[in-house]
Amino acid sequence: MAELTSLLKEGRIFYPPQEGKDQAYISSRYKYKQIYQYSLDDPDEFWAERAKELITWFKYWDRTCYWDFYKPEIKFFEGGKLNACFNCVDRHLDNPAIKNKAAIIWQGEPDRDTKVYTYHMLHSEICKFAKILKNLGVEKGDRVTIYLPTMPEAVAAMLACARIGAIHSVVFGGFSSEALKVRILDAQAKVVITCDGTYRGGRRITLLDRAEEAIRDCDCVEHCIVLNRFGDPIELKDNRCILYDDLKKDLSVAEYCEYEVMDAEDPLFILYTSGTTGKPKGVYHTTGGYLVYAAHTTQWVFDLKPDDIYWCTADIGWITGHSYVVYGPLALGATVFMYEGVPTYPNPGRWWELVDRYGITILYTAPTAIRVLMREGDQWPKKYNLSSLRILGTVGEPINPEAWVWFYVNVGRKRCPVVDTWWQTETGGHMIAPIPFAVPQKPGSATYPLPGVEPVILRADGTEADINEGGHLCIKRAWPGMARGVWGDEKRFKEVYFSRFPGYYYTGDGARKDEDGYFWIMGRLDDVINVSGHRLGTMELESAFVEHPAVAEAAVVGFPHDIKGEGIFAYIVLKEGFDPTSELKKELVSHIRKVIGPIATPDFILFAPGLPKTRSGKIMRRILRKIAAQQFEDLGDTSTLAEPEVVEKLVDLRKNLK
Ligand code: 6R9
């Protein structure tokens, strides 16, 4: 039996525009296929070439690729020497065309707050930061936890760690003090870096209180460096806290800090995964392979050129922020745009206004943000001149075809390829994604694997699935950007990723491959609903709901059902102007029966004010499953939710649902 029954068929196909093709790194499917084949035939040559082209090494490596998925052990560029900060900043200062161009353009949520750091200025900020860390006793291999909002100094803090060989662990600024504490303790961080707060939706959010509360129980923390975002005097309670501005005062303007020469396999950072399922895992990445992979995918998947103004809307506390706000684009010497606020404040035109104002050329965001903005209507993007855009991208979850097409038409104005990038914290960078001017796009499909990546779809018994048969998405060979382990828990690394199918990297996602070789990600396999023996992917059911004009967002989970094994429970968020009536419920049921078939008939529909999501926009189905099953007592860890309040509302609604 198939692992997953595929229900949706999306037939539309969009070809890359002619404009931009001639200048593209890879400009035809034929070239993509040639490079792909070469990368599999000769991975040593392929990765060595990319590594030399993109990164400056102090010493070349002795062995390019080595892996054994049974142990597991993964090594790339072994014996090679480099420094990630040097590659992202120092080396650009020798290039007069880059030295004084903007590395980071930052727009705060209040319009008056803007900052620009040229590469030269970023370098001096990093040197000071690195010197401060050294003066506080931070040494190579020590862990530093960074708890900051989207601000240029957060990038400087990360690169300062990389400069001196300290391992950074960035914790998303929206997390609770408890979530922060768990992560500080797990990493045994010596220093924490935070700030007074940030603006979100017109309000001041404080971070310092939460940071001080978190470190109260953390004996490992020797110092807490506090940056100033608001510009007002800051009151410190914990005596380990020190103001960044005070520490900086003692340093000269032209302070220089030497960089450490790092081994390719020295850890660069730890990042705790989103925590959609239980206790967070501290995945760690190493210097050489990760940096090569981040730069390589940034260059090809975004077709990034030195004159691009590139905006990835992700927070730096997410892997997307690490690879595609910081390491990838800066290693390539691009201009990175960062925005502090939310997309809908002061109005839902904010992002489009910023694209217009700053002349953004590449916009990389998440399906959840697209759906939120789509719900507000086409009139918002219509108001602005978006002609600077040349490439759009999405990441984080499968994008519903409706949202894809809306983004393509209303934001890209049918001129911009949309790159739907499938990857994970553990993969370090994009794995399956269209190379924009080479690969025709099908809405909802992440298209083809990138060079060097060999995905397969396996059945439960380990055999390969047929065309269009859903199964477990696994990867057959290593790539440089792969995580090297779970911090402090090597057993867990093996268990989670290398045990289900020995010899393969296990992604945990369901997928199918169509007759043209396109990959369709069907969501996490632990989210699959088994209705009368049919295993249905939540993604396809949700997409079908979102096709209905009244539906803004949908989350579908299974619940125990006497007859069917599992029943279908749908949480539906309506668009503006639609009322949650029982007629509409009936209409939605018949819509699903029509689009997908009677097997997918929802047992319950609950009109929800919102959905519990992680900060990177992933729906926490674990919580929704419990609410659907009326297990209200033990909802698990909700500390990483974007809006924890929504959970209580859903519990009330569930109690009253007949
Ligand atoms: C980068 C990131 C990883 C999980 C992954 C999958 C889902 C991410 C996706 C996608 C379908 C895409 N996911 N991108 N599913 N299409 N383009 O999101 O990392 O936070 O570790 O999450 O996200 O389920 O397994 P991370």
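Residues numbered from 1 in each chain as written. Predicted model: local features only at pLDDT ≥ 70, side-chain atom pairs only at ≥ 80, totals over all residues. Heavy atoms only, no water.

**Topic: the overall build of the protein**
On a plain count of helices and strands, the protein comes out with 20 helices and 30 strands. Taking 26 Å as the expected radius of gyration for a compact globule of 658 residues, we find that the protein reaches 24 Å, a close match to that expectation. Dimensions of the protein, computed from C-alpha atoms along their principal axes, come out at roughly 70 × 55 × 50 Å. The proportion of buried residues among the 658 residues of the protein is 66%. At a minimum sequence separation of 6, the contacts of the protein that also span at least 24 residues come to 73%. Accessible area of the protein: about 23,700 Å², with a carbon and sulfur share of 49%. (Helix = DSSP H or I, 4+ residues; strand = E, 2+ residues; numbered from the N terminus. Rg over C-alpha atoms; globule rule 2.2 N^0.38 Å. Buried < 20%, exposed > 50% of the residue type's maximum accessible area, 1.4 Å probe, protein only. Contact = heavy atoms within 4.5 Å. Areas by Shrake-Rupley, 256 points an atom, 1.4 Å probe, with all protein chains shown as cover.)

**Points about the UniProt feature "domain: Acetyl-coenzyme A synthetase N-terminal" (unreviewed entry) in the protein**
With numbering aligned to this structure, UniProt lists the feature "domain: Acetyl-coenzyme A synthetase N-terminal" (unreviewed entry) at residues 32-88. With 47% helix and 25% strand, the stretch residues 32-88 has end C-alpha atoms that lie 27 Å from each other. (UniProt positions renumbered as here; feature names shortened; annotations may be inferred.)

**Here's the deal with the sheet that holds strand β16 (residues 309-312)**
Taking strand neighbours across the sheet as the criterion, the seven strands line up as β5-β4-β17-β16-β18-β19-β20 in an open arrangement whose pairing is mixed. What marks the edges here is a single partner per strand, and that holds for β5 (114-118) and β20 (418-420). Sheet twist, expressed as the mean angle between neighbouring strand axes with direction ignored, is 15 degrees. Against the sheet, helix α5 (residues 119-135) makes contact with β4 (102-107) and β5, and its axis sits at roughly 90 degrees relative to β5, the strand it touches most. Sheet strands in contact with helix α11 (residues 319-331) are β4, β16, β17 (335-339) and β18 (362-365), and its direction is about 165 degrees off that of β16. (Pairing = 2+ DSSP bridges. Axes fitted to C-alpha atoms, helices over the stretch in contact; angles between N-to-C directions.)

**So, the packing of helix α19 (residues 621-628) against helix α20 (residues 645-655)**
The N-to-C vectors of α19 and α20 enclose an angle of 25 degrees; their axes lie 10 Å apart at closest approach. The angle between α19 and α20 falls in the class roughly parallel. Crossing of α19 over α20 shows right-handed handedness. Of α20, the residues touching α19 (which contributes I623, L624, I627 and A628) are V647, L650, V651 and R654. When grouped by side-chain class, the residues that make up the contact of α19 with α20 number seven nonpolar, no polar and one charged. (Parallel < 35°, antiparallel > 145°, perpendicular 65-115°, else oblique. Left-handed = near helix turned anticlockwise from the far one by under 90°. Nonpolar A, V, L, I, M, F, W, Y, C, P; charged D, E, K, R; others polar.)

**Some words on helix α8 (residues 208-216)**
For α8, the full list of buried residues reads L208, R210, A211, E212, A214 and I215. As for α8, its buried residues are in contact with α7 (177-187), β8 (191-195), β10 (203-206), β11 (223-227) and β12 (241-243).

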